[in-house]
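A closer look at the structure
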Amino acid sequence: MTQTLLYKENYKYDIQSMEQTNYFHMDYGTRYYEINMTFQHFHPFTEFYILLKGDCNHTIEGQSFPLKPLDIVTLKPYLLHQSKYMRNKPSQRLILTFSAEFIRDVLLNGQTLNFINSEVPIFRFKDEIKNDLITKLNNLYKTSNESFASKNIKIYSIFLDLIYTLDSNQSKNCYTAIEATSSKNKLLQVAPFIHKNYAMELSLDSLAREFYISPYYLSHKFKDLTGFTITQYIHMTRVKRAQELLLETDLKIIDVVERCGFGSLSQFNRIFKKITSQTPSLYRKNNHLDYIK
């Protein structure tokens, strides 16, 4: 039998700020269809997303994954993702976010946690492990509500134990990704293909040839599925990748253009400004110091 996970609406707890090495954030809340994001986003920290109640599809790099309550999604920095909630079905979720340096420097002294880099970073466990994780999550919640001098040390300790449980039990993960291989589901393969091949020359015609679909069918059905035309989706994906490179590297802008598949610097500047309302150089200037630590 599965334990109950403690919940308080809009409860948040922070240790340090986002820019600091030991940043940790806990966030409980109800989400609705009306606040669904229109496109995938990324952030410079690591996130654990845990669905507590209701229904949700989680899109990662263009591929959609259905979630059940107490599934855990582990998102490394700059991984494009999007939560999609169902109409008239409120869902409760818990988010734990922490700085990339927490893993890289504090926890493992440069080692890598394999479960965070899983091809499908979603974890679903049977009751014994699930209850162990719920106990740790509830201890995080209860400890954050207590008042004693060293409670943040205890929170870090509980959280490290949670990470150890995930890492040591990844072979017992029951979540299976649904492969979109049938002709009926070919459309589901198009967005992930764009995310993996955004640096290539992509167009409606080339994608139609790749998936043996008529351009007309692909054009109309893809927009029904994603809310974007093929061209818009390619541009959004490339701009998101460009944003990551502008924040995380010191590459020259012309090199970013080439790596992200844009045909020219002028095209890149025009599309980037249209989507972000800033030029690439201004975006880097305004955000670079906030993320490079």
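Residues numbered from 1 in each chain as written. Predicted model: local features only at pLDDT ≥ 70, side-chain atom pairs only at ≥ 80, totals over all residues. Heavy atoms only, no water.

In this section: the sheet that holds strand E3 (residues 45-53). A sheet is described by the order of its strands in space; here 6 strands give the open sequence E1-E2-E8-E3-E6-E9, paired in antiparallel fashion. Single-partner strands in this sheet number two, and they are strand E1 (12-15) and strand E9 (122-123). Bridging between E3 and strand E6 (residues 72-75) involves 4 bridges; their strand directions are antiparallel. When the bridges of E6 are listed, Ile50 appears paired with Ile72. With respect to the sheet, helix H3 (residues 151-168) is in contact with E1, strand E2 (24-31), E3, E6 and strand E8 (91-99), its orientation differing from that of E1 by roughly 100 degrees. (Pairing = 2+ DSSP bridges. Helix = DSSP H or I, 4+ residues; strand = E, 2+ residues; numbered from the N terminus. Contact = heavy atoms within 4.5 Å. Axes fitted to C-alpha atoms, helices over the stretch in contact; angles between N-to-C directions.)

Let us now look at the sheet that holds strand E4 (residues 56-60). Overall, antiparallel pairing links the 3 strands, which are arranged E5-E4-E7 in an open sheet. Here the strands that pair on one side only, and so sit at the sheet edges, are strand E5 (63-67) and strand E7 (81-85). Neighbour-to-neighbour, the strand axes of the sheet open up by a mean angle of 25 degrees, direction not taken into account. When E4 meets E5, the two strands line up antiparallel, connected through 5 bridges. Across the sheet, residue Asn57 finds its bridge partner in E5, namely Pro66.

Counting buried residues along helix H4 (residues 187-196), 7 of its 10 residues qualify, which places the element largely inside the surrounding structure. Those residues of H4 that sit buried are Leu187, Val190, Ala191, Pro192, Phe193, Ile194 and His195. Looking at the buried residues of H4, the elements they touch are E5, helix H5 (204-210), helix H6 (215-226) and helix H7 (230-248). (Buried < 20%, exposed > 50% of the residue type's maximum accessible area, 1.4 Å probe, protein only.)

On to unusual backbone geometry, then. A positive phi angle, close to 75 degrees, is found at Leu70, a residue other than glycine. Overall, Leu70 belongs to the buried group, its relative accessible area being 17%. Of note in the backbone geometry, Tyr212 takes a positive phi value of approximately 55 degrees without being a glycine. Relative to the helices and strands, Tyr212 is located in the loop between H5 and H6.

The next point concerns the packing of aromatic side chains. Centre distance and the angle of the planes are the two values used to describe a pair of aromatic rings. With the rule as written, the count across this model stands at 22 aromatic pairs. The interplanar angle of 70 degrees and the centroid separation of 5.1 Å between the aromatic rings of Phe39 and Tyr233 together place this pair among those described as edge-to-face. Note that Phe39 is positioned in the loop between E2 and E3 and Tyr233 in helix H7, a separation of 194 residues in sequence. Tyr233 shares its class with Phe39; the two are buried. Through a chain of ring-to-ring contacts, three or more aromatic side chains come together here, namely Phe24, Phe48, Phe98, Phe115, Phe123, Phe125 and Phe159. (Phe/Tyr/Trp six-rings, centres within 6.5 Å; stacked < 30°, edge-to-face > 60°.)

Further remarks concern the packing of H4 against H6. Interhelical geometry of H4 versus H6 gives an angle of 80 degrees and a closest axis separation of 10 Å. In this view, H4 runs roughly perpendicular relative to H6, as classed from their interaxial angle. Note on element contacts: H6 touches H4 through Tyr217, Leu218, Lys221, Phe222 and Leu225, opposite Leu187, Leu188, Val190, Ala191 and Ile194. When the residues that make up the contact of H4 with H6 are grouped by side-chain class, the tally is 9 nonpolar, no polar and 1 charged. (Parallel < 35°, antiparallel > 145°, perpendicular 65-115°, else oblique. Nonpolar A, V, L, I, M, F, W, Y, C, P; charged D, E, K, R; others polar.)

On to the nonpolar core, then. Counting 34 residues, the largest nonpolar core has Phe24, Met26, Leu96, Leu140 and Phe159 as the members making the most contacts within it. For this core, the secondary structure elements donating two or more residues are E1, E2, E3, E8, helix H2 (127-144) and H3. Of the residues forming this core, the biggest block, 7 residues, is contributed by H3. If we skip the residues at most four places from it in the chain, Phe24 touches Tyr13, Asp14, Ile15, Leu96, Thr97, Phe98, Leu140, Ile155, Tyr156 and Phe159. Within the second largest apolar cluster, 18 residues are counted, among which are Val190, Phe193, Ile194 and Ile230. (Core = buried A, V, L, I, M, F, W, Y, C linked by side-chain atoms within 4.5 Å.)

Within the secondary structure layout, Leu75 lies in strand E6. The spacing of Leu75 and Tyr28 is 47 residues in sequence and 17 Å in space, taken between C-alpha atoms. Beyond its immediate stretch of four places on either side in the chain, Leu75 contacts Phe45, Thr46, Glu47, His58, Ile60 and His81.

When the pLDDT values of the protein chain are averaged, the result is 89; 92% of them are 70 or greater. Taken as a whole, residues 289-293 scores under 50 in pLDDT and shows 9 contacts with residues more than four places along the chain or in a different chain. (pLDDT = per-residue confidence, 0-100.)

Attention shifts here to H7. For H7, with 19 residues, the first-to-last C-alpha span of 27 Å sits near the 27 Å given by 1.5 Å per residue. In terms of residue burial, H7 counts as a mostly covered element, since 15 of its 19 residues are buried. (Expected span 1.5 Å × (residues − 1).)

Turning next to the pattern of salt bridges. Taken as a whole, this structure holds 8 salt bridges when the rule is applied. The partner of Lys136 in a salt bridge is Asp132, with the nearest N and O atoms 2.5 Å apart. Of this pair, Lys136 and Asp132 both sit in helix H2, 4 residues apart, roughly one helical turn. In this structure, a network of salt bridges that share partners links the residues Lys12, Asp27 and Arg93. (Salt bridge = Lys/Arg side-chain N within 4 Å of Asp/Glu carboxyl O.)

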